[in-house]
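# Topology and contacts: notes
Next come the chains, spelled out residue by residue.
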Amino acid sequence: MADDIRVFVLEDDARTRASLLRRLNAAACIETVGDAGALAEARDALAALEVDVLLFDLQLPDGNAIELIREQHLARPDIPVLVISVFGDEERVIAAIEAGARGYLLKDEPGEDLAESVRRAVEGESPISPAIARHLIRRFQVESERRVNTAENPLSDRELEVLRLASKGLTYQETADLLGVTVNTIGTYTRRIYQKLAVTSRAQAVFEARQMGWMGDGH
Amino acid sequence: MAISRRQRLIGLGVLYLTLPLLVLLLLSWLDRPYDVPGDYRVQATDWARSFSEVPPEDGWSPTSEGWPDGRRDGEPFTSIWYRFEVPQSVPTPVLYIAYGYGNFDVWQDGQRVFRTAEAVQPLHYNHSSISVPLIDNAIGSSVFVRLTRQASAARYGFVYIAPAELAKRDAEEQAFIQQQMPTTVLTVMLSFAVVVGAMFLMRPRERHYGWYALTIALWAGHSIHNMAESIPFSHFWFFSLNHLLLNWLLAELFFINRYFAIPAPRLERFCAWVCIVLGIVHLTIASQAIHSLNFEGYFFNYYAVLEVWYLVLAIIVSARYFTAVRRQLNFDSASLWLASGIVIIVGFRDFLYAILPPGSLPGSVFYLQYVATIPLVLFGIQLIRRFARDAYTAELRNEELNQLVEERTAALESTYRKLSEEERKRALAEERSRLMRDMHDGLGGQLVHALALSEQVDDEDLQRSLRLALDDLRLIVDSLSPSANSLQDLMASYRHRVSRLLQRTGFNVDWHIGDETDSVQLKPNEALSVLRIVQEAVTNAVRHSGGDVLCISVRQLADGLQLTVRDNGEGMPEAVVERGLRNMKVRASELGAGLNIRSEPGDTTITMHLPLSGVAPAS
C-alpha cells in the first residue's frame, strides 16, 4: 500500500534478519523495502532507496554501523534510524544516538511491539531504557557543569523529569499520567533529548578538535 | 621595669670598660710584694747595668759557668747590679731574689762574701725565687748584689733585703701566684679540654669543639712550660710557645665566627696570613739569633711586633664578639665579649710591663696567662651547655621521629591493604566485563538466532524456553552491569522490561520501589538471585493466579530488605506453591534470606526478607 511505512533492515545474521522481516511484515501498515547483511551492501542499497525507517544492527562483519548511521542522519535527518540490539545496553546505544540514531529495538521483541516502536519512531517518538536514561542524566550533568560559566542548561526541567522517571523504569504511559501529558509528548521529549545529545556530542567533538588545533577558527 | 635593648648594650659597654680594670686591680692585689710596711724591706737604692759603677771585679765574667743545671745554653747573659744600705731595723736580714735562678754575687762593704746559691745554704729555693741569709754583721753595712741572667729574664723580678720571716712569706706568696694558682687554672683548663675533646669525638661535625680542645691543650702546654722550670724545654721551643698564644687568638676568631654564625672569611684569611708570615719571620730570626748568639736587637724588635699583633688580633676578636652581642644579645655572647675586653686590657698591661724598666709597674708576673683562661672557661661552659641542649633536643627529635615512623608504617600498611583491595576489585571488574562481552556478542546473538529458527518450526515450547533463556541472560547482564549501581537501578531495568508484557497479560501492576533502595548496593550474585526470585514470583502470579492486580514492592527496613510480590488471584495450587517455592527457597537460602509464602483466595503474598550487612538502614 502507498501509505505503508517503508522499513530497511540491516542485520548480519540471516535467520534473525528473516525473523525480523517476517514480524515486521506481519504488522499492518509496515512494509520492508530492503535488507542487507553488511555495511557495504546496505550503503549500496540505500543509495537509491526511498525509506521511512532504518533498522540497523551495530556489529556487522565489515565493521560498526555507527559511521553509516552518521552518514544517513546527515543525508536525510528526517528518516529515523533505530538500532536493533539483543540487550539494548546503554554504551553502544548511546554511541549510536550520538551519531544520530533515534533509539533502539530489542531483536526478540514480539511482532506487535516491534511494529509499535517503528510506528512511534516515524511519528517522532523515541524509546528509552532506564540504563540509557541514567547515562543521559549523568552525561548532561557533566555537560551543564562544563557550561557553568554560560549558565546554560542543556536540558529543560521537564526533559530532566522525563529522564528521571525513565531511569526508574516507568513506561511512557506511566510517565505521561504522572506529568499530565499525552504519551506522544513524552516520546517527543525523548527525541528532543536525543537530538540535544547528538548536537552536544558534535559540539563537544568540534570543541575538542579545536582545542587540539585540528580546525581553523572558521569552523 | 622593662630594660630596653639599647640600655642593655650601654650597660654592657660600661662593664666592658670597667671589668678589666677591676680584674687588673684584683690580680695586682693578689700579686702584691709590698704589703708590709716598707721599713722591713730594703729596696735597692740604686742600680746600674754598667760594670764601671761597681766595686772592682775579681776577674769573673758573666758566662754560663756554675749554673745550677746548665739550662738555656747559648743565650747571652747580662748582669744587673743592685745596691743596698742595710738599716738596723732589719733583724736577721736575708737577701730575697725573685726569679732567683742564675748567678749572683753578693758584696758586703767591698768584700765579696759569696757567689751562687750553692755557696750558701739558701733559706728557700724554688723555681721562681731564692732567699739567702746575709752575713751576721750586715746591719748598717752597704751591700752590692750582681745578678747575672740570660738576657731575656734579666729585667724581671725584684731583689730586696728583708727579715727572714717576711722573705719566707713572700716566697710562699710567690709560690702561690706563680705555681699553685697556675696549676689550679691549668687543671681546670685541661679538664675542659678533655670534656670538649670527648664531645668533639662524639660529634666530629661540630668543628669548634675540636678547635677548642686543641687550642686549650696548646695553651696548657705553654702554662706547663712557664711554671715547670724543671722540664728541659729548649730555648727554641720557648719561642714557639709565644706563637701558640697567637694561634690561640686566631682559633678563637674562627671559633666565634662559627659558634655565633657570623661568617667573615676575608677577615679570617687576613689574620691567618699575618700569623703565618710572623711565624716564618720568627723562625728565621730565631734561628739566626741562636747561631750568632747576638739577638738582643732582633729579639726586642721582633717581640714588639709580635706583641702589637697580639693586641690587634685581640681587638679584632673583641670586635667580632661585639658583632655577636648585637646580633643575639644573650649570656653567651655578652660574657664572651666582656672576657675579651679583659684579655685586651690585661694584655696591654703585660705589654707595658715587658717594655718599661723594672719597677715601673707593680706586680711580679705577666697576667695574661691567668685572664686568658676566662674566655676559655666560658667557652667550655657554653659548649657543654649547648651540647647538653643539643643532646636533649636530639632525644626529643628521636622520639618524634620514632612516632612518625610508626605512623607512616601504619599508613603504608593501610595504603597497601587498600591498594590490594583495589587491585582485586579491578581484576573482578575486568573479569566481569569479559563475561559481559562474551554473553553479549556470542550467547545473546545465538539465542536470538535460535529463537528465529524456532519460529520457523513453529514450536511454542521451544520458543518459550528460548525466551526464558534470553530473559535470564538479561537478568545476568543487568546484575553484572557496572552502570546499575543500586537495587533501585536493577529494579528499574526489570520494571522497564516486564511492564509491556504484564500490561499485555491484563494485569494492573502497582510498583513500590522505595527511593531509599537507591543506597542499597548488592554484589552481582546477590543482585541476580534477588532478580530471579522476583521474576519467579511475578511469573507464578501471571501464570497461575488468575487475578488482575499485582503489587510489587521493594523496601528497605531497619534490619534489611523486604521484597513483596502480591496478587489478588485465587491462590496458587499446592503443587505450584511447592515447586515454585523450591526454586525460590534455594535461591533465598543461598542469599541468607528468609522467604515466606502466604496463599489464600484473593490474596497471595510472597515475602522475602534479606538481612543487609554493611548497608546503613535508611533514615
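This text goes with the structure placed above it.
Below is a short write-up of the structure. Every chain is numbered on its own, with residues counted from 1 as its sequence reads. Here the convention is simple: chains get letters from A, ligands get numbers from 1, in the order in which they are written. Reporting in this predicted model follows two pLDDT cut-offs: at least 70 for local features of residues, and 80 or more for side-chain atom pairs to be given and counted; totals over whole chains, interfaces and linings ignore these cut-offs and use all residues.

Now for the interface of chain A and chain B. In this complex, chain A contributes 21 residues to the contact, which on the side of chain B involves 26 residues. Every helix listed is a DSSP run of H or I at least four residues long, and every strand listed is a run of E at least two residues long, numbered separately from the N terminus. Going through the elements one at a time, helix H1 (14–26) and helix H6 (130–146) of chain A are the ones with two or more residues in the side of chain A that touches chain B. Here, residues touch in the contact sense if the C-beta positions derived from the backbone fall within 7 Å of one another.

To continue, consider the sheet that holds strand E13 (residues 560–567) of chain B. Residues and elements named next belong to chain B. Each pair of strands is called paired provided DSSP finds at least two bridges between the two strands. Reading across the sheet, the five strands line up as E11-E12-E13-E15-E14 and stay open at both edges, with mixed pairing between neighbours. The sheet is open, and its two borders are formed by strand E11 (508–513) and strand E14 (594–600), each paired with just one other strand. Across the sheet, the axes of successive neighbouring strands diverge by a mean angle of 10°, strand direction being ignored. Note: E14 against strand E15 (residues 603–611), seven bridges, orientation antiparallel. Axes here mean lines fitted to C-alpha atoms, for a helix over just the part in contact, with angles spanning 0 to 180 degrees between N-to-C directions.

When two helices pack together, their arrangement is given by the angle between the helix axes and the distance between those axes. All names here are of chain A. Following both chains from N to C, one finds helix H3 (residues 66–75) and helix H4 (residues 90–99) inclined at 30°, their axes separated by 8 Å at the closest point. Here H3 is positioned roughly parallel relative to H4, judged by the angle of their axes. For the element pair H3 and H4, the recorded crossing hand is right-handed. Contacts between H3 and H4 pair Ile66, Ile69, Arg70 and His73 from the former with Ala95, Ala96 and Ala99 from the latter. Comment on the angle field: the value is read as roughly parallel under 35 degrees, roughly antiparallel over 145, roughly perpendicular from 65 to 115, and oblique elsewhere. Each crossing gets its handedness from the near helix: less than a right angle anticlockwise from the far helix is left-handed, clockwise is right-handed.

What follows concerns the nonpolar core. A set of buried Ala, Val, Leu, Ile, Met, Phe, Trp, Tyr and Cys residues, joined to one another through C-beta atoms within 7 Å, is what we call a nonpolar core. In this scheme the burial state of a residue depends on its C-beta neighbours within 10 Å: 20 or more other such atoms mean buried, 12 or fewer mean exposed, and anything in between means partly exposed; the C-beta positions come from the backbone. Judged by nonpolar contacts, the single largest core of 55 residues is most densely connected at A:Val7, A:Val53, A:Leu55, A:Phe56, A:Leu82 and A:Val83. Setting aside its immediate chain neighbours within four residues, A:Val7 contacts A:Leu24, A:Ile30, A:Glu31, A:Thr32, A:Val33, A:Val51, A:Asp52, A:Val53, A:Leu55 and A:Val118. B:Leu336, B:Ala339, B:Val365 and B:Tyr370 belong to the second-largest nonpolar core, a separate cluster that totals 50 residues.

Here the focus is the sheet that holds strand E2 (residues 30–36) of chain A. Residue and element names in this part refer to chain A. Read from one edge of the open sheet, five strands run E2-E1-E3-E6-E7, paired in parallel fashion. A strand with exactly one partner marks an edge of an open sheet, and here the two such strands are E2 and strand E7 (103–106). Strand-to-strand twist in this sheet, taken as the mean axis angle between neighbours without regard to direction, amounts to 30°. Two strands pair when backbone bridges link them, and strand E1 (residues 5–10) and strand E3 (residues 53–57) are joined in this way by four bridges, in the parallel orientation. Note that in E3 the partner of Val9 across the bridge is Leu55. Of the strands in this sheet, E1 and E2 touch helix H2 (residues 39–47), which is tilted by about 130° from E2.

Residue and element names in this part refer to chain B. At a minimum axis separation of 10 Å, helix H9 (residues 373–457) and helix H10 (residues 460–480) run at an interaxial angle of 165°. One way to sum up the angle between H9 and H10 is to call them roughly antiparallel. Two packed elements cross with a definite hand, and for H9 against H10 that hand is left-handed. Together, Arg432, Leu435, Met436, Met439, Leu443, Gly444, Leu447, Ala450, Leu451, Ser454 and Glu455 of H9 and Leu462, Gln463, Leu466, Arg467, Ala469, Leu470, Leu473, Ile476, Val477 and Leu480 of H10 make up the contact between the two elements. Polar here means any residue other than Ala, Val, Leu, Ile, Met, Phe, Trp, Tyr, Cys and Pro, which are nonpolar, and Asp, Glu, Lys and Arg, which are charged; Gly is therefore polar. Class assignment of the residues belonging to the contact of H9 with H10 gives a composition of 15 nonpolar, three polar and three charged.

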